[in-house]
Amino acid sequence: MTPQPRTRTQLPKRTVSIIGTGSYLPERVLTNAELEKMVETSDDWITSRTGIRERRIAAEGEFTSDLAAKAAQSAIENAGITAEEIDLIIIATITPDHFMPSTACIVQTKIGAKRAVCFDISAACSGFLYAVEIAQQFITSHTYNTILVVGADKLSSIVNWKDRNTCVLFGDGAGAAILRHRAHGHGVIATRMGSNGQLAELLQVPGGGCACPITAENAGERLNTIRMEGRETFKHAVTNMVESARQVLDDAGLTPADLACVIPHQANLRIISAVAERLEVPLERIMVNLDRFGNTSAAAVAIALDEANRTGRMKVGDYVLLVVFGGGMTWASSVIQW
Ligand code: UT7
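Residues numbered from 1 in each chain as written. Predicted model: local features only at pLDDT ≥ 70, side-chain atom pairs only at ≥ 80, totals over all residues. Heavy atoms only, no water.

(A) Just the site of the ligand, in detail. Taken together, 23 residues are adjacent to the ligand, and Thr41, Arg49, Arg231, Asn268 and Asn295 come closest. One of the backbone nitrogen or oxygen atoms of Gly230 is found 3.0 Å away from a nitrogen atom of the ligand. Alone, the ligand offers 950 Å² of accessible surface; in the complex the protein occludes 76% of this. Ranked by residue count, the leading element in the shell around the ligand is helix α7 (residues 230-252), at 4 residues. (Near = heavy atom within 4 Å. Polar contact = N/O pair within 3.5 Å; in protein donor to acceptor, adjacent residues only side chain to side chain. Areas by Shrake-Rupley, 256 points an atom, 1.4 Å probe, with all protein chains shown as cover. Helix = DSSP H or I, 4+ residues; strand = E, 2+ residues; numbered from the N terminus.)

What follows is the structure, encoded as structure tokens:
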């Protein structure tokens, strides 16, 4: 009998490993003391209510694609590959350089990943983990081998610098990871994602899209900047991060006690502490860098992952939980064996 060709669906599932990480933070540091001069706030309020002490702000001519390209280059070096080996680039961002082309296409040119297919995704602060899960699907289905995933945002471009409720929270940056199948290697064990569009208005940029274009008449209302119901967002963040973390640990057959490291979204130290307490994970096992970088949206968990990698917080074989929450509302959790 003539052997039938094997279709992709018949091929064995593959483990997806993070083989390299990278990040980039702009040079300019904006401290709480400087914000005291811009809006009615205090270092004491910002530090005690959020844990943030300073954040990075991109230069005027430095765009999301520049931050993403630098993080990508550092991940490519860390993985020991060349840009030509990348099959797919996924950029998670809510601050693309343009509506069109995608920021991923711009990054492709900046890093010289000539063979790559490129697209952006929009899931706010959850974007990096959403993108990792998309990459995982492409690799396990044998469609692509080597994928660059980047979380990058220049939030300073959509912050209302006169609104003390939001302007003290955010910063600019990018984090990146190279994903690839590694035979008999460790990798992503399980991922859970969730969304609830009914809560969309709690955290949004109302203007600038086709539903509410910026016109000469509404320009003064700053509709193209971030609006947030902080307290409500806080509650949903804690509830959904804890629930999705429990679900993904259950999927992986693990308990919080098995985790060597937890890398959460970096929005507020009080959110991180509440999540840690409910999961019963001691704070020393939680990666925190929001004191230095603030909330960098899609970049935050990716920057923290890179820092955890480079500072030896994760040893080969360790179980690591990544957990995020953001506008949409959206959330996700992944368990990785490092
Ligand atoms: O990344 C996506 C997910 N984002 C989040 O998860 C963020 C979730 N929310 C939060 O982190 C917190 O809700 C905030 C940090 C945004 C706010 O903290 P809060 O403890 O919830 O404060 P609040 O909004 O309830 O405001 C308390 C008071 C208010 O004054 P009154 O009404 O009590 O007189 C605010 O006007 O604090 C005031 N306030 C400030 N005061 C000084 C708000 N912002 C400031 C500020 N400086 N920057």
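(B) Quick look at the pairing of strand β12 (residues 319-326). Among the 8 residues of β12, 7 are classified as buried, and the element is accordingly described as predominantly covered. Pairing of β12 with strand β13 (residues 330-337), which is carried by 8 bridges, proceeds in the antiparallel orientation. Residue pairing for β13: Leu321 is matched across the bridge by Val335. Counting the residues between successive antiparallel strands, the hairpin from β12 to β13 contains 3 residues, one of them, Gly328, with a positive phi of roughly 140°. (Buried < 20%, exposed > 50% of the residue type's maximum accessible area, 1.4 Å probe, protein only. Pairing = 2+ DSSP bridges.)

(C) Representation of unusual backbone geometry within the structure. Each neighbour pair has its own omega, and for Met100 with Pro101 the value is 5°, a cis peptide bond. Within the fold, Pro101 resides in the loop between β4 (88-92) and α4 (103-111). The omega torsion of the bond from Gly328 to Met329 falls at -10°, within 30 degrees of zero and hence cis. The residue Glu280 is not glycine, and still its phi comes out positive at about 60°. In this structure, Glu280 sits in the loop between α8 (269-279) and α9 (290-293). Assessed through its relative accessible area of 68%, Glu280 is described here as exposed. The residue Ser297 is not glycine, and still its phi comes out positive at about 55°.

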